[in-house]
Structures are given as C-alpha cells and as structure tokens.
Amino acid sequence: EDQVTQSPEALRLQEGESSSLNCSYTVSGLRGLFWYRQDPGKGPEFLFTLYSAGEEKEKERLKATLTKKESFLHITAPKPEDSATYLCAVQSHSGGGADGLTFGKGTHLIIQP
Amino acid sequence: EAGVAQSPRYKIIEKRQSVAFWCNPISGHATLYWYQQILGQGPKLLIQFQNNGVVDDSQLPKDRFSAERLKGVDSTLKIQPAKLEDSAVYLCASSPRNYGYTFGSGTRLTVV
C-alpha cells in the first residue's frame with residue numbers, strides 16, 4: 001500500500017524567510033510524485049510532477065526535489081500570497097490503467113508580512 | 001480553457017438521506033476521478049473512470065456510494081443513505097490521458 005507522510009503539519013514563517021517542506025513516501029513502483037497547492041475552499045492546484053531521483057523543478061519561488069525516499073519543496077523568500085496548504089501525492093505503477101494519486105495530509109503554510 | 005465544473009458548491013443533509021453531486025470535466029479529457037477530502041486530510045481516491053468505464057473503484061464504499069459517467073462526459077456521485085462520517089469535500093478531477101490532473105473546486109457536504 002502506498003503511503004505519504006508530510007512534515008511539518010503546519011509552518012509559520014516571516015516574509016522572506018526561506019524554508020523547506022518534506023514529503024516522505026513508500027510506493028511499490030513510483031510513476032510520479034506530485035506537488036499541489038490548495039487554498040481554502042478551492043480544489044488542489046497543480047505545481048510539479050517529478051519522475052525520478054535527482055530530478056528538480058522550479059517555479060517562481062518554489063523548487064521541488066526528489067530522492068528515492070522523499071521529496072522536498074523549497075520556498076525561497078516567500079511572500080504572504082504563498083500562504084496555502086501544500087499537498088504531496090504519489091502515483092504508482094498499477095495494472096489495468098489505475099493511476100489515482102495517494103496524498104499526504106499536507107503542510108499548512110502561513111507567511112506573515 | 002474552462003475548468004472542471006462541480007455542483008452544488010455546498011449541501012447540508014440529514015443522516016440517512018440521499019445526495020448527488022455532479023461533475024463536468026474539461027472538454028476532451030478521457031479520465032475522470034472522484035476524491036473525498038475530509039477536513040484536515042489529503043484527498044482520497046474513490047473512483048476512476050476512463051471514458052465511461054470504471055478503471056478503479058477499490059476504495060468506493062459500494063454499500064452506500066455509487067457513481068456513473070454517461071457518454072464518457074459528465075459524471076454523478078451518489079450517496080444513499082448518508083452517514084455523519086460522509087461529511088467532507090467531494091472533489092472531481094479530469095485528465096487528458098492519465099497525466100496532468102485538473103481539480104474542480106469541490107462540493108462541501110455536511111451531514112447532520
């Protein structure tokens with residue numbers, strides 16, 4: 001059974017204070033690791049997909065990295081608008097075309113001005 | 001490109017009543033998913049459709065939940081009868097071919 005554990009559960013930072021969110025996973029065969037952002041009252045918004053260890057992707061102040069056991073979402077010089085819940089999910093190689101995501105509980109990030 | 005449309009946005013029902021949610025995916029997206037997100041948790045997959053066929057419903061509580069996708073486009077998710085623990089946000093997502101999910105804003109269900 002695929003499992004995803006995110007830490008910390010919540011994180012409060014000052015504007016401009018860089019930090020990292022962690023996503024540890026166990027999966028039978030990793031097809032992809034996904035990062036989503038979720039704002040209150042909205043559905044998850046896609047950020048990145050990583051496919052193999054060593055891969056990195058960047059978007060504005062966000063950078064995602066992947067190892068064989070975990071992924072990190074690095075936030076550089078965050079702004080208040082980066083406040084949201086960040087969700088990590090894995091997709092495994094399954095038979096029959098099933099490709100649903102297994103999500104972690106998320107990290108609730110608050111950036112204070 | 002229009003997003004994934006869901007309705008209603010909110011629903012309050014009493015336990016043992018029935019409820020239905022509707023989803024209209026992005027045009028041309030063959031794959032459609034329903035997820036359940038309980039407060040403070042990540043989304044949990046309930047069912048996956050490829051066109052109008054079910055690919056994965058292993059986590060769907062089939063004694064009370066049902067879903068269909070007519071003509072490979074719109075989909076409905078039904079709960080009958082509802083329990084208190086069904087209170088959650090029900091998210092619909094679609095994908096052109098097993099990659100690049102787009103989620104709708106969800107339906108928030110409260111069972112009292």
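It should be noted that the structure appears before, not after, this text.
Residues numbered from 1 in each chain as written. Chains lettered and ligands numbered in written order. Predicted model: local features only at pLDDT ≥ 70, side-chain atom pairs only at ≥ 80, totals over all residues. Heavy atoms only, no water.

Colleague: Which residues make up the pairing of strand 8 (residues 75-79) of chain B, and what are the values?
Modeller: All names here are of chain B. Residues Ser-75, Leu-77 and Ile-79 of strand 8 are buried on one face, while the alternating residues Thr-76 and Lys-78, pointing to the opposite face, are not. When strand 3 (residues 19-24) meets strand 8, the two strands line up antiparallel, connected through five bridges. From the neighbouring strand, Trp-22 faces strand 8, where its bridge partner is Thr-76. Hairpin connection of strand 7 (residues 65-69) to strand 8: five residues between the antiparallel strands, including Lys-71 at a positive phi of 55°. (Buried < 20%, exposed > 50% of the residue type's maximum accessible area, 1.4 Å probe, protein only. Helix = DSSP H or I, 4+ residues; strand = E, 2+ residues; numbered from the N terminus. Pairing = 2+ DSSP bridges.)

Colleague: Account for the interface of chain A and chain B, naming residues and giving values.
Modeller: On the chain B side, the residues contacting the 20 residues of chain A number 19 residues. When chain A packs against chain B, the two sides together hide about 1,500 Å² of surface, and 49% of this comes from carbon and sulfur. Together, A:Asp99, A:Phe103 and A:Lys105 form the three largest contributors to the area buried by chain A at its contact with chain B, with a combined 27%. Here chain A and chain B share zero salt bridges between them. (Contact = heavy atoms within 4.5 Å. Buried area = accessible area lost by both parts, 1.4 Å probe. Salt bridge = Lys/Arg side-chain N within 4 Å of Asp/Glu carboxyl O.)

Colleague: Residues and numbers for the environment of B:Asp74, please.
Modeller: Residue and element names in this part refer to chain B. Mapped onto the fold, Asp-74 is located in the loop between strand 7 and strand 8. By relative accessible area, which is 27% here, Asp-74 ends up partly exposed. Spatially, the C-alpha atom of Asp-74 lies 27 Å from that of Lys-15, the residues being 59 residues apart in sequence. Only 3.1 Å separates the side chain of Asp-74 from the side chain of Trp-22, close enough to count as a polar contact. (Polar contact = N/O pair within 3.5 Å; in protein donor to acceptor, adjacent residues only side chain to side chain.)

Colleague: Which residues make up the nonpolar core, and what values do they have?
Modeller: Formed by 22 residues in total, the largest nonpolar core has its most connected members in A:Leu33, A:Trp35, A:Leu73 and A:Tyr86. Residue assignment for this core shows that the elements contributing at least two residues are strand 2 (10-14), strand 3 (19-26), strand 4 (30-38), strand 5 (45-50), strand 7 (62-66), strand 8 (70-75), strand 9 (84-92) and strand 11 (107-112) of chain A. A total of four residues in this core trace back to one element, the largest contributor, which is strand 9 of chain A. Setting aside chain neighbours within four positions, we find A:Leu33 in contact with A:Cys23, A:Tyr25, A:Phe48, A:Thr49, A:Leu50, A:Leu66, A:Ser71, A:Cys88, A:Ala89 and A:Val90. B:Cys23, B:Ala88, B:Tyr90 and B:Leu109 belong to the second-largest nonpolar core, a separate cluster that totals 21 residues. (Core = buried A, V, L, I, M, F, W, Y, C linked by side-chain atoms within 4.5 Å.)

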